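Examination of the molecular architecture
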Amino acid sequence: MKKKKQRYIVPLSILVVIVFTGFFSLPTGREIVVKPVWYRNLKTVKIVKSNKIQQGNKYIWYRNGRLFGYTDLEGNIYLRETGSFFTSLTDKVFIDYSKVAENFFLKNPKGELISGFHAFGYPFFDETGQRLFVIKTDLSGISEITETGDITWEQDFNSVITSVSVSSGEISVGLLDGAFKIIDNKGRIVFDVKPSGSSIQVITGSAASKDGDMFACISGLNPQKILIFKKKNSNYSVIYSKDINSDFRREVLMRFSPGGRFLIFEAKGGMGIIDINTETTQFIRFNGKIKELSILKEEGLIAAASSSRNRSFFELLKPMNSVFLYTEIKGRIGTLRRIGNHIILGVRDGIMRIDIEDI
């Protein structure tokens, strides 16, 4: 069995590079080069031992299915583990936990224990890895805690949490009863609204801009609508509201672009992009369900990973323009991460680095 697996290691690596290179060689209409740099099969790659790690190396977390760990831009794999129920990852620490857990352990990229704490619920970090939150086991409340488990603040609700998004300061929470709330960094609810106009009230998605001056949510069923709120001084007001042709009954993927000009969201059959400055909307049809998206070069490029059964897709597009790179990958596609102008993408049983360069 071992020999049989080994026969596929090199062909798989070559196949991935050929597939990507074939598509990347197409003219894009822009002076942009998309280049595959390396591929690592996580089932067979050699793990760099702790005593060989160079001082000052920048660790990058990755995830592909249940496999997770740490790499760097050179493709060295420092940790490879199989996750339990969920793993909350940052580039400095991670927490892996089971579905029913009371004790949680923070570990560094080498897998070494840093600290532990006692809590009830599901812990997760914000994008910076500086703030740690816990959603209650029954999804009826949220708290911010320290890495030793001390509670900074907590909020309980009369309904189940369906969506959470964190900015540099505030945090937005969507609820099953249709309420959309914004909580400041001291745990106070500073904005509370229940959008009307739908036969069924529910929040199925939320997003917070990087600097916390805009929030968005997808609300209701029949019709389902998207709303964008802008903060001015201490007040929040609706700056965009529109019915959308979807009927999602699960959490929907939403992201603001880094500069806050665009709102990108999962739409029925593809992706929607709202230019907030002009209030225009673009729809991009995808062949599969969006698994992850990331915005590169501030407002410049969107990278998206999607899948349908045993087919997976990687696409690059410019907001309010057409897709200029599209490739299909046979098999599973994993989490997509942006590190500057580099992309770390889960592909089949491994991870791949792709560079986006101007020439």
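Reading guide: rules and limits
Residues numbered from 1 in each chain as written. Predicted model: local features only at pLDDT ≥ 70, side-chain atom pairs only at ≥ 80, totals over all residues. Heavy atoms only, no water. Helix = DSSP H or I, 4+ residues; strand = E, 2+ residues; numbered from the N terminus. Buried < 20%, exposed > 50% of the residue type's maximum accessible area, 1.4 Å probe, protein only. Contact = heavy atoms within 4.5 Å. Areas by Shrake-Rupley, 256 points an atom, 1.4 Å probe, with all protein chains shown as cover. Patch = residues over 30% accessible without salt bridge, like charges linked within 9 Å, V, L, I, M, F, W, Y side chains within 5 Å. Salt bridge = Lys/Arg side-chain N within 4 Å of Asp/Glu carboxyl O. Pairing = 2+ DSSP bridges. Core = buried A, V, L, I, M, F, W, Y, C linked by side-chain atoms within 4.5 Å. pLDDT = per-residue confidence, 0-100. Phe/Tyr/Trp six-rings, centres within 6.5 Å; stacked < 30°, edge-to-face > 60°.

For the chain, the helix and strand inventory stands at two helices and 31 strands. The burial tally for the chain puts 51% of its 359 residues in the buried class. Pairs at least 24 residues apart make up 42% of the contacts formed inside the chain by residues separated by at least 6 positions. Summed over its atoms, the accessible surface of the chain is roughly 17600 Å², and 50% of this surface lies on carbon and sulfur atoms.

Side chains of Leu139, Val160 and Leu176 sit close together on the surface and give an oily, nonpolar patch of about 210 Å² of accessible area. One can find Leu139 in the loop between β10 (132-135) and β11 (141-145). Looking at Leu139, the relative accessible area reads 31%, which means it is partly exposed.

For strand β26 (residues 301-308), the buried fraction is high: six of the eight residues fall into the buried class. Sheet topology note: the strand β25 (residues 289-296)/β26 ladder contains seven bridges and is antiparallel. The partner of Leu296 across the bridge, within β26, is Leu301. The pairing of β26 with strand β27 (residues 311-317) spans seven bridges and is antiparallel. Residue pairing across strands places Ala304 opposite Glu315, the latter belonging to β27. In this antiparallel pair of consecutive strands, β26 and β27, the connection spans two residues, and Arg309 shows a positive phi of 55°.

Before going further, it helps to examine the nonpolar core. Among the nonpolar cores identified, the biggest contains 20 residues, and Phe314, Leu316, Ile343, Leu345, Ile354 and Ile356 are the most heavily contacted of them. Mapped onto this core, the elements with two or more residues apiece are β1 (32-41), β26, β27, β28 (323-330), β29 (333-339), β30 (342-347) and β31 (350-358). Core analysis: the next-biggest nonpolar cluster, separate from the first, contains 17 residues, Ile226, Ile244, Phe248 and Ala267 among them.

What follows covers the confidence of the model for the chain. Segments scoring low in pLDDT should not have their predicted coordinates read at a detailed level. In the predicted model, the chain carries a mean pLDDT of 85, and 88% of its residues have values of at least 70. Note that residues 1-28 has pLDDT below 50 and, in this model, 29 contacts with residues that lie over four places away or in other chains.

A few words now on the pattern of salt bridges. Should their charged atoms come close, side chains of opposite charge can pair. Tallying each qualifying case throughout the model produces 16 salt bridges. Linking Lys231 and Glu170 is a salt bridge whose minimum nitrogen-to-oxygen distance equals 2.6 Å. You can see Lys231 sitting in strand β19 (residues 224-232) and its partner Glu170 sitting in the loop between β13 (161-166) and β14 (171-175), a full 61 residues away along the chain. Taking the relative accessible area as the measure of exposure, Lys231 reaches 27% and is therefore partly exposed. Between Arg311 and Glu328 there is a salt bridge, and its shortest N-O distance comes to 2.8 Å.

This part is about the packing of aromatic side chains. Within the structure shown, the criterion is met by 16 aromatic pairs. Seen from their ring centres, Tyr97 and Phe104 are 5.6 Å apart, and the 80° between their planes marks the pair as edge-to-face. An identical accessibility class is assigned to Tyr97 and Phe104; each is buried. Aromatic side chains Phe124 and Phe133 sit 5.4 Å apart centroid to centroid with 25° between the ring planes, which places their arrangement in the stacked category. We note that Phe124, like Phe133, is buried. Among the aromatic residues, those joined into a ring-pair cluster are Phe85, Phe86, Tyr97, Phe104, Phe117 and Tyr122.

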